[in-house]
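# Breakdown of the fold
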Amino acid sequence: MALDIAMVGRHWVYCYGGSVLPMLNVGGMRLFQTESSDWSDKSSPRAKTVAKNIVLVYLVLTVLCLLGYIFTGMDLFDAINHSFTTLSTGGYSTSDGSMNHFSEGAHWVGTIFMFLGGLPFLLFVAALTKRDPKILLKDAQVRGFSYLFLISSTVVALWLFWEDGYALDDAFRVSMFNIVSVVTTTGFGLEDFTAWGPLPSVIFAFMLMVGACSGSTSGGIKIFRFQIAVTLLNKQMMKLIHPSGVFVQRYNNRPVNDDIVRSVVAFVLMFFVTIIVIAAGLSAMGLDPVTSITGSITAVANVGPGMGDIIGPTGNFAPLPDAAKWLLSFGMLMGRLEILTLLVLFFPAFWRR
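Here the structure is a predicted model, which is why all the values come from computation and not from measurement.

## Description of the confidence of the model for the chain
In this model, the chain carries a mean pLDDT of 83, and residues with pLDDT of at least 70 account for 86%. Taken together, the stretch residues 1-34 has pLDDT below 50 and engages in 68 contacts with residues farther than four places along the chain or on a different chain. Segment residues 39-44 is flagged for pLDDT under 50; beyond a separation of four residues in sequence, or across chains, it makes 17 contacts in the model.

Laid out in structure tokens, this is it:
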């Protein structure tokens, strides 16, 4: 319950950031825009209205998830707890076996609502307000997230079908559940994906960092930053082909200014710097390279499970030294606050008029 409230609170911070922080002379809207794919000045005449709408959408989806879990065999206690941690992409379970303890139907319910938790909540509000669900489908970030999820899940499912002898329906069930759990940084466990072979391991290692959509409850780099990077690459390629040409970098049919590009580059740079520093610290404590690197990634991206024998999907962080847990806790805090949002607070210029 506390985790669920915390995730809702994150969206309240988003909505009020542009209203409250400017009164403190700390550039709230600019701070908000460093981690958001929405660069419009305001999404609603009143931030309070936006916050109420987001909470309403969040609660409705949570109730639907709760009913789905009950329908697939969970008792009321388990259904309530898992509905809270599914939509908030928190990933905590009432069972030591995580989602392995529940029915296959519950796995599909979890997959659907983890996916929904990875979408921008402001788009849900816009779709409901305008009564046009196509708003979600028209968004470039939602489409990118959907393609990534479907393609990677299909590749892993076919691998499990051909290489590991899974039945086709089981292959898609476990691949889709695990992919969406990792990419939305939920962290629910369903089988040990590190034992599926080299190709799935490489895919999951990448998915640990990706994250879902900005404006969702997920962590990670976020889809829109990868998309901005692709548009920048395309612009640079066109400049090489046509040196005298003038090309406008666009995203979601809107021009992307240099401030946005700089914020994306700065975030991605600091994301990987943070991972490298934490991984080096873990290695200095005697942890093996796989545990150090994936532990650092999963902490900064706020995923949950790492890879390897110790912190993999069937393991946990209990055997790690206390100093490693403190370091990983700091990494989780950095990642949850989008790194730059936290680092900028230590610059005196941020607090000046």
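There is more to say after this.
## Things to note about the packing of aromatic side chains
A complete count under the given rule lists 11 aromatic pairs for this structure. Taking the centre distance of 4.1 Å and the plane angle of 10 degrees together, the rings of Phe193 and Phe204 count as stacked. Here Phe193 is found in the loop between helix H9 (168-183) and helix H10 (198-210), whereas its partner Phe204 is found in helix H10, with 11 residues between them in sequence. Note on Phe193: relative accessible area 2%, which makes it buried.

## So, helix H14 (residues 322-336)
End to end, H14 covers 21 Å across 15 residues, agreeing with the expected 21 Å (1.5 Å per residue, within 8%). Buried residues of H14: Ala324, Leu328, Gly331, Met334, Gly335 and Arg336, and no others. Glu338, located one to two residues past H14, shows a positive phi value of around 65 degrees.

## Structural notes on the environment of Ala299
Within the element layout of this structure, Ala299 appears in helix H13 (residues 289-300). As a C-alpha pair, Ala299 and Leu208 span 91 residues in sequence and 9.6 Å in three-dimensional space. The contacts of Ala299, once residues within four sequence positions are left out, are Leu328, Gly331 and Met332.

## Comments concerning unusual backbone geometry
Phi angles above zero are rare outside glycine, and Asn252 is one such case at about 55 degrees. Of note, Asn252 is situated in the loop between strand E1 (250-251) and strand E2 (254-255). In this structure Asn252 comes out as partly exposed when scored by relative accessible area, which is 27%. Phi is positive for Asn253, close to 65 degrees, though the residue is something other than glycine.

## Notes on the packing of helix H8 (residues 140-163) against helix H11 (residues 223-241)
In the contact formed by H8 and H11, the axes pass within 9 Å of each other and the chain directions differ by 100 degrees. Here H11 runs roughly perpendicular to H8, going by the angle between their axes. Along the contact surface, H8 presents Ala140, Gln141, Gly144, Phe145 and Leu148, while H11 presents Ile223, Phe224 and Gln227. In terms of residue class, the contact of H8 with H11 is made up of 5 nonpolar, 3 polar and no charged.

## Focus: the environment of Arg336
Positionally, Arg336 belongs in helix H14. In this structure, the C-alpha to C-alpha distance between Arg336 and Thr217, residues 119 residues apart in sequence, is 9.9 Å. A polar contact of 2.9 Å, which involves the side chain of Arg336, links it to the backbone oxygen of Ser218.

## Focus on the side chain of Asp139
Following the sequence through the fold, Asp139 ends up in the loop between helix H7 (134-138) and H8. Buried charged residue Asp139 carries no salt bridge. Nearest counter-charge: Arg143, at 7.0 Å. Side chain to side chain, Asp139 and Asn252 meet in a polar contact 2.9 Å long. Non-local contacts of Asp139, meaning those with residues more than four positions away in its chain, are made with Leu123 and Asn252.

## Topic: the pattern of salt bridges
Counting across every chain of the model gives 5 salt bridges. Between Arg173 and Glu104 there is a salt bridge, and its shortest N-O distance comes to 3.6 Å. With Arg173 in helix H9 and Glu104 in helix H5 (residues 104-117), this pair connects stretches of sequence that are 69 residues apart. Overall, Glu104 belongs to the partly exposed group, its relative accessible area being 44%. Arg173 serves as the salt-bridge partner of Asp170, at 3.2 Å between the closest nitrogen and oxygen. Placement of the pair is Asp170 and Arg173 together in helix H9, with a separation of 3 residues, close to one helical turn.

## Things to note about the nonpolar core
Tyr69, Met99, Leu119, Phe121, Phe124, Phe145 and Phe271 are the most contacted members of the largest nonpolar core, which totals 74 residues. With sequence-adjacent residues up to four places away left out, Phe271 is seen in contact with Met209, Gly220, Ile221, Val300, Ala301 and Ile339. Core analysis: the second largest hydrophobic core is formed by 8 residues, Ala140, Phe224, Ile228 and Tyr251 among them.

## Notes on a nonpolar patch on the surface
Nonpolar side chains collect at one region of the surface, where Leu56, Val60, Val63, Leu64, Leu67, Ile70, Leu76 and Ile80 lie side by side and expose about 680 Å² of accessible area between them. Contributions of two or more residues to the nonpolar patch are made by helix H3 (47-71) and helix H4 (76-87). The element best represented in the nonpolar patch is H3, accounting for 6 residues. The class for Ile70 is partly exposed, based on a relative accessible area of 35%.

## Structural notes on the side chain of Thr274
Structurally, Thr274 can be placed in helix H12 (residues 258-284). By relative accessible area, which is 8% here, Thr274 ends up buried. Excluding residues within four positions of it along the chain, Thr274 makes contact with Ser296, Val300, Met334 and Ile339.

Calculation notes
Residues numbered from 1 in each chain as written. Predicted model: local features only at pLDDT ≥ 70, side-chain atom pairs only at ≥ 80, totals over all residues. Heavy atoms only, no water. pLDDT = per-residue confidence, 0-100. Contact = heavy atoms within 4.5 Å. Phe/Tyr/Trp six-rings, centres within 6.5 Å; stacked < 30°, edge-to-face > 60°. Helix = DSSP H or I, 4+ residues; strand = E, 2+ residues; numbered from the N terminus. Buried < 20%, exposed > 50% of the residue type's maximum accessible area, 1.4 Å probe, protein only. Expected span 1.5 Å × (residues − 1). Axes fitted to C-alpha atoms, helices over the stretch in contact; angles between N-to-C directions. Parallel < 35°, antiparallel > 145°, perpendicular 65-115°, else oblique. Nonpolar A, V, L, I, M, F, W, Y, C, P; charged D, E, K, R; others polar. Polar contact = N/O pair within 3.5 Å; in protein donor to acceptor, adjacent residues only side chain to side chain. Lys, Arg positive; Asp, Glu negative; His and termini not counted. Salt bridge = Lys/Arg side-chain N within 4 Å of Asp/Glu carboxyl O. Core = buried A, V, L, I, M, F, W, Y, C linked by side-chain atoms within 4.5 Å. Patch = residues over 30% accessible without salt bridge, like charges linked within 9 Å, V, L, I, M, F, W, Y side chains within 5 Å. Areas by Shrake-Rupley, 256 points an atom, 1.4 Å probe, with all protein chains shown as cover.

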